[in-house]
Amino acid sequence: MGLFRLVTGLPGPSGFGSASTAEQVTDGIDASHLTVVITGGASGIGAETARVFALRGAHVIIAGRNMEAADDVKQLILRSTPLARVDILKLDLSSLKSVRAFAGQFLSMDLPLNILINNAGVMFCPFQLSEDGIELQFATNHLGHFLLTNLLLERMKSTAKETGIEGRIVNLSSIAHLLHRYEEVIRFDKLNDKDTYSDKKAYGQSKLANILHANELSRRLQEDGANVTANSIHPGLIMTNLMRHSFLQMCLFLQL
Ligand SMILES: NC(=O)c1ccc[n+]([C@@H]2O[C@H](COP(=O)([O-])OP(=O)(O)OC[C@H]3O[C@@H](n4cnc5c(N)ncnc54)[C@H](OP(=O)(O)O)[C@@H]3O)[C@@H](O)[C@H]2O)c1
């Protein structure tokens, strides 16, 4: 979708555009044969994605770090769709230990996995290191999802093989990867350099990593002949909790 369509909401060749809702896009789709994991499904875009997948009959696993918020979303979904299949599992993407624990728990549930939506994210945070000692935006937005995807990939491939249904991995990236860039683009040797840290460029860097991850994974999946695709997307500009470190800036930006 080009910038013009993104801003105006004009539909593209698919008939849908940035102004289309998830319900419109999935109208008439029966997803009852699908199992979906959504990271960060306890708020914002992830919560809406979880709601609409559940509405279409999918088995939804909300992977959230705040279990109270995740349960609130589950209850909200059940109120509007009483027969919805929704589970909540604990996942903190900024902790590699937590990512491994989540993957272990999910795999032990012996469920198929058709769709993995790597949606969770933080934006423009002040400099902070994760518990593994990695700059927080890179650790959360990219590294946690990278490890999670690797740990769940075999289950996705086997599900696609057994069911004949194409598996899908979706990384939530952002147009910010174009707007905010370090000179080195990705600073592999300066990830944790507090002195030259830019909250915006670090976000852009992590979102570029989401794209590179999807591109290379996609290439490898094709090479393997796996019936699983990997893509990255920019979801549009939506006021959510993501703007907690940039609320005023975003309000001004959206006024323009
Ligand atoms: N909104 C936009 O305009 C926009 C534009 C471009 C891209 N995106 C991308 O879209 C995705 C969703 O964003 P959103 O707007 O829906 O924001 P949001 O409402 O803040 O949702 C992000 C979710 O990620 C979770 N999360 C943050 N850190 C986590 C961690 N360490 N482990 C597990 N979960 C964690 C948050 O949990 P807590 O509630 O506990 O913080 C929250 O549930 C993000 O990847 C973002 O970069 C959004």
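Scroll up to find the structure.
Worth saying up front: this structure is predicted, and the values here are computed from it rather than measured. (Residues numbered from 1 in each chain as written. Predicted model: local features only at pLDDT ≥ 70, side-chain atom pairs only at ≥ 80, totals over all residues. Heavy atoms only, no water.)

J.: What am I meant to see in the layout of surface pockets here?
T.: In this approach a probe as big as a water molecule rolls over the atoms, and the regions it shows empty are the leftover space. Of the pockets and cavities examined, the second largest pocket occupies roughly 200 Å³. Every element with two or more residues in the lining of the second largest pocket is listed here: helix H6 (136-163) and helix H8 (199-224). With 7 residues, H8 is the single largest residue contributor to the lining of the second largest pocket. Across the lining of the second largest pocket, the residue classes tally to 5 nonpolar, 3 polar and 4 charged. (1 Å grid on protein atoms, 1.4 Å probe; cavity = no way out; pocket = protein on both sides within 12 Å on 5 of 7 lines; lining within 4 Å. Points joined across faces, edges and corners; volume = space filled by probe spheres on them. Helix = DSSP H or I, 4+ residues; strand = E, 2+ residues; numbered from the N terminus. Nonpolar A, V, L, I, M, F, W, Y, C, P; charged D, E, K, R; others polar.)

J.: What is the right way to read the packing of aromatic side chains from this model?
T.: Applying the stated rule across the entire model yields 2 aromatic pairs. Judged by centre distance (5.4 Å) and plane angle (85°), the ring pair of Phe124 and Tyr203 falls under edge-to-face. Residue Phe124 is located in the loop between strand S4 (115-118) and H6, and its partner Tyr203 is located in helix H8; the two are separated by 79 residues in the primary sequence. Exposure remark for Phe124: the relative accessible area of 5% places this residue in the buried category. (Phe/Tyr/Trp six-rings, centres within 6.5 Å; stacked < 30°, edge-to-face > 60°. Buried < 20%, exposed > 50% of the residue type's maximum accessible area, 1.4 Å probe, protein only.)

J.: Mind showing me how you'd approach the environment of Ser108 here?
T.: As for its placement among the helices and strands, Ser108 is situated in helix H5 (residues 96-108). Taking relative accessible area as the criterion, Ser108 reaches 58% and is therefore assigned exposed. Separated by 2.7 Å, the side chain of Ser108 and the backbone oxygen of Gln105 make a polar contact. (Polar contact = N/O pair within 3.5 Å; in protein donor to acceptor, adjacent residues only side chain to side chain.)

J.: Any chance you could explain the pattern of salt bridges here in plain terms?
T.: In a structure, side chains of opposite charge can pair up when their charged atoms sit close to one another. Taken as a whole and assessed by the stated rule, the structure comprises 11 salt bridges. Through salt bridges with shared partners, one network takes in Glu216, Arg219, Arg220 and Glu223. (Salt bridge = Lys/Arg side-chain N within 4 Å of Asp/Glu carboxyl O.)

J.: Even after reading the chapter, I still don't get the packing of H5 against H6, so can you show me in this structure?
T.: Between two packed helices, what matters for the description is the angle formed by their axes and the separation of those axes. Contact pair H5 / H6: the axes reach a minimum separation of 9 Å and the direction vectors enclose 20°. Considering the angle they form, H5 stands roughly parallel to H6. The way H5 lies across H6 gives a crossing that is right-handed. Of H6, the residues touching H5 (which contributes Leu96, Val99, Arg100, Phe102, Ala103, Phe106 and Leu107) are Gly144, Leu147, Leu148, Leu151, Leu152 and Arg155. Here the contact of H5 with H6 is composed, by residue class, of 10 nonpolar, 1 polar and 2 charged. (Axes fitted to C-alpha atoms, helices over the stretch in contact; angles between N-to-C directions. Parallel < 35°, antiparallel > 145°, perpendicular 65-115°, else oblique. Left-handed = near helix turned anticlockwise from the far one by under 90°. Contact = heavy atoms within 4.5 Å.)

J.: Please clarify how the pairing of S4 should be interpreted in this entry.
T.: Across a regular strand the side chains alternate sides, sitting on one face of the sheet and then on the other. Side chains Ile115 and Ile117 of S4 all project onto a buried face; the interleaved residues Leu116 and Asn118 project onto the opposite face, where all are buried too. The pairing of strand S1 (residues 35-39) with S4 spans 3 bridges and is parallel. Bridging across to S4, Ile38 finds its partner in Ile117. Here S4 pairs with strand S5 (residues 167-172) via 4 bridges, running parallel. Residue Ile117 lies in a different strand from S5, and its bridge partner there is Val170. Handedness of the crossover joining S4 and S5 through H6: right-handed. (Pairing = 2+ DSSP bridges. Right-handed = clockwise from strand over helix to strand, strands pointing away.)

J.: Is there a simple way to think about the environment of Ser218 in this case?
T.: Mapped onto the fold, Ser218 is located in helix H8. When the C-alpha positions of Ser218 and Asn192 are compared, they lie 29 Å apart, and in sequence the two are 26 residues distant.

J.: Sorry, what's going on with the site of the ligand here?
T.: Neighbouring residues of the ligand: 29 residues in total, closest Arg65, Asn119, Tyr203, Ile238 and Thr240. One of the side-chain N or O atoms of Lys207 is found 3.0 Å from an oxygen atom in the ligand. Mapped onto the shell around the ligand, the elements with two or more residues apiece are helix H3 (44-55) and H8. In the shell around the ligand, the residues fall into 12 nonpolar, 13 polar and 4 charged. (Near = heavy atom within 4 Å.)

J.: Any chance you could explain unusual backbone geometry here in plain terms?
T.: Not every positive phi belongs to a glycine, and Asp110 is a case in point at roughly 60°. By the secondary structure assignment, Asp110 is in the loop between H5 and S4. Given the relative accessible area of 64%, Asp110 is considered exposed. One non-glycine residue, Val185, lies in the positive phi region at around 65°. Along the chain, Val185 turns up in the loop between helix H7 (176-179) and H8.

J.: Can you help me understand helix H4 (residues 67-80) in this one?
T.: Three or four residues apart is the spacing at which side chains of an α-helix point the same way, because the helix has 3.6 residues per turn. For H4, with 14 residues, the first-to-last C-alpha span of 20 Å sits near the 20 Å given by 1.5 Å per residue. In this fold, the buried residues of H4 make contact with H3, strand S2 (59-64) and strand S3 (85-90). Its side-chain oxygen placed 3.0 Å from the backbone nitrogen of Glu68, Asn66 serves as the N-cap of H4. (Expected span 1.5 Å × (residues − 1).)

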